[in-house]
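# Fold and geometry: a report
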Amino acid sequence: GAAGGPVARIAGLAGRAPSLDLALDGPAEGAALSLRADAGPGLSAVLDGTIRAPDVTRLGADLTGRVDASGLLEAPLAALAGPLDIALRGGRMPDGAVDLAALRIAGRAGVVEASGRILPDGRSIDAEARIALAGSDVFAPLLADAPLGWSAIEATVKAEGPMAAPTIDVTLAPQGFSSTI
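Here the structure is a predicted model, which means the values were calculated and not measured.

### So, the overall build of the protein
When helices and strands are tallied, the protein shows two helices and twelve strands. At 20 Å, the protein has a C-alpha radius of gyration far larger than the 16 Å of a compact globule built from 181 residues. Over its C-alpha atoms, taken along the principal directions, the protein stretches across nearly 60 × 45 × 25 Å. When contacts within the protein are restricted to residue pairs at least 6 apart in sequence, those whose partners lie at least 24 apart make up 31%.

Structure, rendered in structure tokens:
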């Protein structure tokens, strides 16, 4: 659409000229997906992969690409909002379980990887996330005068059990931690 046109106004992108190219080709059991979206500097997405929808109870996706939402935020957050490399593999299984086989998001702030499963009853979870944050210098504009620093932080978060009250296990491993306190 045109900058300031109806699509831009509806999407809240006044002054930008959004474009979208979406292609879905193939059978419901495995259709190739290609998405190219752009609304100017700091607002874009490029995704490729496969979508599976053999019926409404079994949906799945294998996607990789890059998303940039930095244009939606003000500094200093904008620098952490993109571009982000994304990979997703998951779906709803024939037994009704939701399976996140793999999710990976990587950007300037670090890397998040996750996998897990929500059981068919929708009331139980078994999931794990691994987080590797960049050094505190990347976050310096957000930490203005904070009396601490680190060279890296790694964390593992595991959740299992009933969704209403899962057991959550968090392991945090800072490296090169420093404090002026």
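### Some words on the sheet that holds strand 1 (residues 19-25)
Strand order in the open sheet formed by ten strands is 1-2-3-4-5-6-7-8-10-11, and the pairing between neighbours is antiparallel. Two strands in the sheet have a free side with no partner beyond their single neighbour: strand 1 and strand 11 (167-175). Strand-to-strand twist in this sheet, taken as the mean axis angle between neighbours without regard to direction, amounts to 5 degrees. Bridge count for strand 4 (residues 58-68) against strand 5 (residues 84-92) is eight bridges, and the pairing is antiparallel. Each bridged residue has a counterpart across the sheet, and for Thr64 the counterpart in strand 5 is Ala87.

### Digging into the pattern of salt bridges
Any two side chains of opposite charge can pair, given that their charged atoms come close. Applying the stated criterion across every chain, the model contains nine salt bridges. Residues Arg117 and Asp99 are paired through a salt bridge, measuring 3.9 Å at the closest nitrogen-oxygen approach. Pair noted here: Arg117 is in strand 7 (residues 110-118) and Asp99 is in strand 6 (residues 98-107), with a separation of 18 residues, a long-range link. Salt-bridge contacts for Arg130 lead to Glu128; the nearest nitrogen and oxygen are separated by 3.6 Å. Judged by its relative accessible area of 31%, Arg130 falls in the partly exposed class. Within the structure, one salt-bridge network assembled from shared partners comprises Arg104, Glu113, Glu128 and Arg130.

### Here's the deal with the pairing of strand 2 (residues 31-38)
With seven bridges joining them, strand 1 and strand 2 adopt antiparallel strand pairing. The residue of strand 2 that forms the bridge with Asp21 is Arg36. Linkage of strand 1 to strand 2, two consecutive antiparallel strands, is achieved through a turn of five residues, within which Gly26 is found at a positive phi near 130 degrees. Relative to strand 3 (residues 44-55), strand 2 runs antiparallel, the two being bridged by eight bridges. The partner of Ala31 across the bridge, within strand 3, is Ile51. Counted between consecutive antiparallel strands, the loop separating strand 2 from strand 3 contains five residues, among which Gly40 sits at a positive phi close to 100 degrees.

### Some points on the side chain of Ser136
Mapped onto the fold, Ser136 is located in helix 2 (residues 136-139). Ser136 gets classed as buried once you look at its relative accessible area, which sits at 14%.

### Regarding the packing of aromatic side chains
How two aromatic rings sit relative to each other is given by the distance of their centres and the angle of their planes. Per the counting criterion, the structure on display carries one aromatic pair. Arranged with centres 6.0 Å apart and planes meeting at 40 degrees, the rings of Phe139 and Trp150 form a pair that is tilted. Taken together, the positions of Phe139 in helix 2 and Trp150 in the loop between strand 9 (148-149) and strand 10 (152-162) put the pair eleven residues apart, joining distant regions of the chain. Each of the two residues, Phe139 as well as Trp150, counts as buried.

### Quick word on unusual backbone geometry
Among all residues except glycine, the phi angle is most often negative; among peptide bonds, the trans geometry is most common. Between Ala75 and Pro76 the backbone carries a cis peptide bond, its omega angle lying at 5 degrees. Checked against the element boundaries, Pro76 lands in the loop between strand 4 and strand 5. Cis geometry is found at the peptide bond from Gly82 to Pro83, where omega equals 0 degrees. Here Pro83 is to be found in the loop between strand 4 and strand 5.

Rules used throughout
- Residues numbered from 1 in each chain as written.
- Predicted model: local features only at pLDDT ≥ 70, side-chain atom pairs only at ≥ 80, totals over all residues.
- Heavy atoms only, no water.
- Helix = DSSP H or I, 4+ residues; strand = E, 2+ residues; numbered from the N terminus.
- Rg over C-alpha atoms; globule rule 2.2 N^0.38 Å.
- Contact = heavy atoms within 4.5 Å.
- Pairing = 2+ DSSP bridges.
- Axes fitted to C-alpha atoms, helices over the stretch in contact; angles between N-to-C directions.
- Salt bridge = Lys/Arg side-chain N within 4 Å of Asp/Glu carboxyl O.
- Buried < 20%, exposed > 50% of the residue type's maximum accessible area, 1.4 Å probe, protein only.
- Phe/Tyr/Trp six-rings, centres within 6.5 Å; stacked < 30°, edge-to-face > 60°.

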